[in-house]
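The chain contents come next:
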Amino acid sequence: MIFHVLTLFPEMICEATSHSILGRAIKAGTIQVKPVNIRDFAINKHGQVDDAPYGGGAGMVLMAAPVFDAYEHVKKQIAAPNPPVIFLSPQGRVFSQPIAQALSCCEGKEIILLCGHYEGIDERIIEEIVTDEISIGDYVLTGGEPAALVLMDAVSRLIPSVLGKEASHQDESFSGENANLLEYPHYTRPADFRGRKVPDVLLSGHHAQIEKWRREQSIKRTKQKRPELLS
Ligand code: 4GY
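Neighbouring the ligand are 18 residues; Tyr 118, Ile 136, Gly 137, Tyr 139 and Leu 141 lie closest to it. Contact distances for the ligand include 2.8 Å between an oxygen atom and a backbone N or O atom of Leu 141. When the ligand sits alone it has 390 Å² of accessible area, and the protein chains cover 95% of it. Secondary-structure elements contributing two or more residues to the shell around the ligand are β5 (85-94) and β8 (132-135). With 4 residues, the top contributor of residues to the shell around the ligand is β5. Residues that form the shell around the ligand fall into these classes: 10 nonpolar, 8 polar and no charged.

A word on the nonpolar core. One finds Phe 3, Phe 95, Leu 103, Leu 113 and Leu 151 to be the most contacted residues of the largest nonpolar core, which totals 29 residues. For this core, the secondary-structure elements that each account for two or more residues are β1 (2-7), α2 (20-28), β5, α4 (97-104), β6 (110-115) and α6 (145-156). When neighbours within four sequence positions are excluded, Phe 95 is seen to be in contact with Ala 100, Leu 103, Ile 134, Ser 135, Ile 136, Val 150, Leu 151, Ala 154 and Val 155.

Before going further, it helps to spend a moment on the pairing of β5. Note on strand geometry: in a regular strand, side chains alternate between the two faces of the sheet. Inspection of the sheet shows β5 paired to β6 by 4 bridges, in the parallel sense. Residue pairing for β6: Ile 86 is matched across the bridge by Leu 113. In this structure, β5 lies alongside β8, joined through 5 bridges in parallel fashion. From the neighbouring strand, Val 94 faces β8, where its bridge partner is Ser 135.

In this structure, Pro 190 follows Arg 189 across a cis peptide bond, with omega equal to 5 degrees. One can find Pro 190 in the loop between α7 (165-172) and β9 (192-193). Even without glycine at this site, Ser 20 takes up a positive phi of about 55 degrees. Take Ser 20: it is sitting in helix α2. A positive phi angle, near 65 degrees, is found at Asn 180, a position not held by glycine. Its place among the elements puts Asn 180 in the loop between α7 and β9. Overall, the relative accessible area of 53% leaves Asn 180 in the exposed class.

Bringing a negative patch on the surface into the picture now. Residues Asp 69, Glu 72, Glu 123, Glu 127 and Glu 128 make up a contiguous surface patch of negative charge. Within the residue set of the negative patch, elements represented by two or more residues are α3 (64-75) and α5 (123-129). Among the elements that line the negative patch, the one with the most residues is α5, at 3 residues. One can find Glu 72 in helix α3. On the basis of relative accessibility, which here comes to 38%, the residue Glu 72 falls in the partly exposed class.

Our focus in this paragraph is the sheet that holds strand β3 (residues 50-51). Here we have 3 strands laid out as an open sheet, ordered β3-β4-β7, and mixed in their pairing. If you trace the sheet from one side to the other, it starts and ends with β3 and β7 (120-121), each paired once.

Calculation criteria
- Residues numbered from 1 in each chain as written.
- Predicted model: local features only at pLDDT ≥ 70, side-chain atom pairs only at ≥ 80, totals over all residues.
- Heavy atoms only, no water.
- Near = heavy atom within 4 Å.
- Polar contact = N/O pair within 3.5 Å; in protein donor to acceptor, adjacent residues only side chain to side chain.
- Areas by Shrake-Rupley, 256 points an atom, 1.4 Å probe, with all protein chains shown as cover.
- Helix = DSSP H or I, 4+ residues; strand = E, 2+ residues; numbered from the N terminus.
- Nonpolar A, V, L, I, M, F, W, Y, C, P; charged D, E, K, R; others polar.
- Core = buried A, V, L, I, M, F, W, Y, C linked by side-chain atoms within 4.5 Å.
- Buried < 20%, exposed > 50% of the residue type's maximum accessible area, 1.4 Å probe, protein only.
- Contact = heavy atoms within 4.5 Å.
- Pairing = 2+ DSSP bridges.
- Patch = residues over 30% accessible without salt bridge, like charges linked within 9 Å, V, L, I, M, F, W, Y side chains within 5 Å.
- Salt bridge = Lys/Arg side-chain N within 4 Å of Asp/Glu carboxyl O.
- Lys, Arg positive; Asp, Glu negative; His and termini not counted.
- Charge placed at Lys NZ, Arg CZ, Asp CG, Glu CD.

Here it is as structure tokens:
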């Protein structure tokens with residue numbers, strides 16, 4: 001899967017995807033993250049990509065032309081005729097595990113992520129190139145980059161070869177009948193940390209009982225912390 005990221009801050013995208021599981025998946029070629037600097041498509045030699053809003057008001061608006069030219073540049077490199085273009089913004093439908101799952105099915109495909117900045121982005125670019133608008137939550141960021149990183153992270157870990165065997169099997173147990181439940185508590189050594197003991201059942205070796213305990217814990221936690229997930 002290839003993520004093309006249209007951004008004014010390509011280093012943010014490169015740096016944040018260079019570590020841990022994503023870094024390894026990129027190194028292995030399982031996923032590709034290709035930032036495109038919108039400023040490379042500035043309208044003049046001063047590198048201008050923003051201008052004052054028509055109608056007045058505070059802040060600057062990201063101009064349509066540099067974004068469109070960056071998009072055309074990327075499109076030339078993509079085989080598919082109509083690649084999805086996802087604009088990260090608070091106006092989008094709120095991101096969730098099912099949306100991540102749907103996007104991870106684009107495996108082998110290419111996705112364009114558009115990161116805005118400043119007060120906003122010229123509406124005509126949204127009309128012209130954006131196919132899907134996604135929000136990572138009801139709050140306002142300074143730019144779309146953290147949101148693009150969240151989306152790529154959540155989608156990438158659902159691609160089978162990105163996570164190791166262990167973790168992907170665990171995810172299986174939290175789809176289907178265990179969907180909409182929070183994770184059970186995890187423990188590792190020591191068995192006693194400052195007088196806090198690991199629950200006996202986890203040391204018992206009774207796999208059926210352990211599974212039952214974990215499921216009960218998941219349900220109890222969900223009722224306590226996120227009751228809305230059960231309704
Ligand atoms: N929330 N989810 C979000 C955001 C910043 C000005 C448009 C969000 O995804 N993106 O707050 N984005 C704004 C900054 C241009 C995007």
